[in-house]
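Per-entry structural report
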Amino acid sequence: MSASGGTKAIGAALGANLAIAVAKFVAFAFSGSSSMLAEGVHSIADSGNQGLLLLGGKKAKREATPEHPFGYGRERYIYGFLVSIVLFTIGGVFALYEGYEKIQHPHELEHWYWPVGVLLFAIIAEGFSFRTAIKESNEIRGRLSWPEFVRRAKAPELPVVLLEDFGALVGLVLALGGVGLSLLTGDGVWDGIGTLCIGTLLVLIALVLAAETKSLLLGEAADATQVGKIREAVVDGDTVTAVIHMRTLHLGPEELLVAAKIAVQHDDTAAEVAHAIDAAEARIREAVPIARVIYLEPDILRTSTSTTTPA
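Numbers given to residues run from 1 along each chain, matching the order in which its sequence is written. Given that this is a predicted model, residues contribute local features only at a pLDDT of at least 70 and side-chain atom pairs are listed and counted only at 80 or more, while totals for whole chains, interfaces and linings are drawn from all residues. Where side-chain values are given, they derive from all heavy atoms of the structure, hydrogens and water being excluded.

**Details of the overall build of the protein chain**
A tally of helices and strands in the protein chain yields 9 helices and 3 strands. Numbering of helices and strands runs from the N terminus; a helix is a DSSP stretch of H or I covering at least four residues, while a strand is a stretch of E covering at least two. Each helix and strand of the protein chain, ordered N terminal to C terminal, gives the series α-α-α-α-α-α-α-α-β-β-α-β. We take the radius of gyration over the C-alpha atoms and set the globule estimate at 2.2 Å times the residue count to the 0.38 power. In terms of overall dimensions, the protein chain is more spread out than a globule: its C-alpha atoms have a radius of gyration of 26 Å, far above the 19 Å expected for 311 residues. Dimensions of the protein chain, computed from the C-alpha atoms along their principal axes, are close to 90 × 35 × 35 Å. Accessible area is worked out with a 1.4 Å probe on protein chains only. A residue is then buried under 20% of its type maximum, exposed over 50%, and partly exposed in between. Within the protein chain, the proportion of its 311 residues that are buried is 46%. In what follows, a contact means two residues having at least one pair of non-hydrogen atoms within 4.5 Å. Relative to all contacts within the protein chain whose residues are 6 or more apart in sequence, the contacts with residues 24 or more apart total 74%. In short, Shrake-Rupley with a 1.4 Å probe defines the accessible areas, and a residue's cover is counted only from the protein chains shown. Put simply, the protein chain shows about 15,000 Å² of open surface, and 63% of that area lies on carbon and sulfur atoms.

Rendered as structure tokens:
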């Protein structure tokens, strides 16, 4: 993955979620809290999601084949999209259903100390996982705000873990609020309301993840900074005089395709043009190391005005 940080954050989240899921189901068995059941299913779904991310990262490392000549880097996007579906269906929709049922058929909580104790433990464990994801994300986030990082990140793992952990922490607070209000009022409806809030939160996070990973699946270009570096690297001012037009496409989080039509001198020989293209490719890879697949087409720049004729 893009850095071991992605794998480290996923591993921390997976360990935390498995431990929390067991604790939540035990608390549900003793208390009958629907918030605990919804949160337990949420943790199971999150654990499955982390497993999917790890599987996607492994599959993306396969070598290119004649059938898939550009490799399998986008497998990570596919599994990221599957995560959003799992979170929506298993986590969000189930919580909404369970909350509705609890509001329709409320009952008092039994052994209240079980859900309260488990929720406090879960908040600590999820906080550790969230802290790990933040720390690893900060190493690659740069000056981007957190919303910008989630929107622009080409590697899906860290944004997914960040949103999952954030949603889990907020969900735990909602569950604790629902359980607390049920205990204070003696009305189990509050537990159902807390569960509905958890379901709504999970559905919203799933929709955000689906939108972002869908964009990656469709194919995103390099960011503006990388595009600028590539343009500067192509032109040497001697043989290559301009970039007539250029397209970039992420084949995976750490693999970029660059295709450009470049302007060369009209009286250069074929050997000179070939040498200039090789040199330009080397400069591109030095400027943007993830630019691994490069196609440069030489052409003669034709201008009727000061504006470059589009290719």
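**Observations regarding the side chain of Arg-76**
You can see Arg-76 is positioned in helix H3 (residues 75–104). Residue class for Arg-76 comes out buried when judged on its relative accessible area of 6%. Any pair of N or O atoms that falls within 3.5 Å is considered a polar contact. Within protein, one atom must be able to donate a hydrogen and the other to accept it, and sequence-neighbouring residues count only if both atoms are side-chain atoms. Within the structure, Arg-76 has its side chain in polar contact with the side chain of Glu-157 (distance 2.8 Å).

**Details of the pattern of salt bridges**
Here a salt bridge means any side-chain nitrogen of Lys or Arg lying within 4 Å of a carboxyl oxygen belonging to Asp or Glu. Using the criterion set out here, one finds 9 salt bridges in the structure. The salt bridge partner of Lys-102 is Asp-191, with a shortest N-O separation of 2.9 Å. Taken together, the residues Lys-102 in helix H3 and Asp-191 in helix H7 (residues 189–218) connect sequence positions 89 residues apart. Between Arg-285 and Glu-281 there is a salt bridge whose closest N-O contact spans 3.9 Å. In this pair, Arg-285 and Glu-281 are both assigned in helix H9 (residues 270–287), 4 residues apart and thus about one turn of the helix distant. We classify Arg-285 as partly exposed; its relative accessible area is 36%. Owing to a relative accessible area of 18%, Glu-281 belongs among the buried residues under this scheme. Linked by salt bridges that have partners in common, Arg-76, Glu-157 and Glu-254 make up one network.

**With respect to the nonpolar core**
We define the nonpolar core as a collection of buried residues of types Ala, Val, Leu, Ile, Met, Phe, Trp, Tyr and Cys that are connected through side-chain atoms lying within 4.5 Å of one another. Of all hydrophobic cores here, the largest spans 41 residues; its most connected members are Leu-53, Leu-87, Leu-119, Val-161, Ile-205 and Leu-209. Broken down by element, the residue count for this core peaks at 9 residues, all from helix H6 (residues 157–185). When near neighbours in sequence (up to four residues on either side) are disregarded, Leu-119 contacts Met-36, Leu-172, Ala-175, Leu-176 and Val-179. By size, the runner-up hydrophobic cluster in this structure holds 22 residues, among which are Met-246, Leu-256, Ala-280 and Leu-296.

**What to know about H9**
Helix span is expected to be 1.5 Å times the residue number reduced by one. In this model, H9 (18 residues) spans 26 Å end to end at C-alpha, consistent with the 26 Å of a helix rising 1.5 Å per residue. Along H9, the positions that sit buried rather than exposed are Val-273, Ala-276, Ile-277, Ala-280, Glu-281 and Ile-284. The buried side chains of H9 occupy one side of the element, clustering within an arc of 140° when seen end-on. Away from its buried face, by an angle of more than 90 degrees, H9 presents the exposed residues Ala-271, His-275 and Glu-286. The arc in question is the one traced by the directions running from the helix axis out to the C-beta atoms.

**As for a nonpolar patch on the surface**
Residues enter patches when their relative accessible area tops 30% and they take part in no salt bridge; the joining distance is 9 Å for like charges and 5 Å for the nonpolar side chains Val, Leu, Ile, Met, Phe, Trp and Tyr. On the surface, Val-22, Val-26, Phe-30, Trp-112, Tyr-113, Trp-114 and Leu-183 cluster together into a nonpolar patch covering about 650 Å² of accessible area. Elements that contribute at least two residues to the nonpolar patch include exactly helix H1 (4–31) and helix H4 (113–141). By residue number, the principal contributor to the nonpolar patch is H1, which donates 3 residues. With respect to the element layout, Val-22 can be found in helix H1.

**So, a negative patch on the surface**
When charges are tallied, Lys and Arg are placed among the positive residues and Asp and Glu among the negative ones, while His and the ends of the chain are skipped. One atom stands in for each charge, and that atom is NZ of Lys, CZ of Arg, CG of Asp or CD of Glu. Residues Asp-236, Asp-238, Asp-267 and Glu-272 make up a contiguous surface patch of negative charge. We classify Asp-236 as partly exposed; its relative accessible area is 35%.

**As for empty space enclosed by the protein**
In this analysis, the protein atoms alone were mapped onto a 1 Å grid. Cavities are point sets where a 1.4 Å probe fits without being able to get out; pockets are open sets with protein on both sides within 12 Å along at least five of seven lines; lining residues have an atom within 4 Å of a point. Grid points are joined across faces, edges and corners, and a volume is the space filled by probe spheres set on the points. Evaluation of the coordinates by the stated rule reveals 1 cavity of 30 Å³ or more. There is about 80 Å³ of room inside the largest cavity. In this structure, the largest cavity is lined by Val-150, Arg-151, Ala-153, Ala-155, Pro-156, Pro-159, Val-160, Leu-209, Glu-212, Thr-213, Leu-216 and Glu-220. At the level of elements, helix H5 (146–152), H6 and H7 are the ones that each hand at least two residues to the lining of the largest cavity. For the lining of the largest cavity, the leading source of residues is H7, giving 4 residues. Nonpolar residues are Ala, Val, Leu, Ile, Met, Phe, Trp, Tyr, Cys and Pro. Charged residues are Asp, Glu, Lys and Arg, and all others, Gly as well, are polar. Residue composition of the lining of the largest cavity, grouped by class: 8 nonpolar, 1 polar and 3 charged.

Everything listed here is a matter of coordinates, which is why it stays silent on function.
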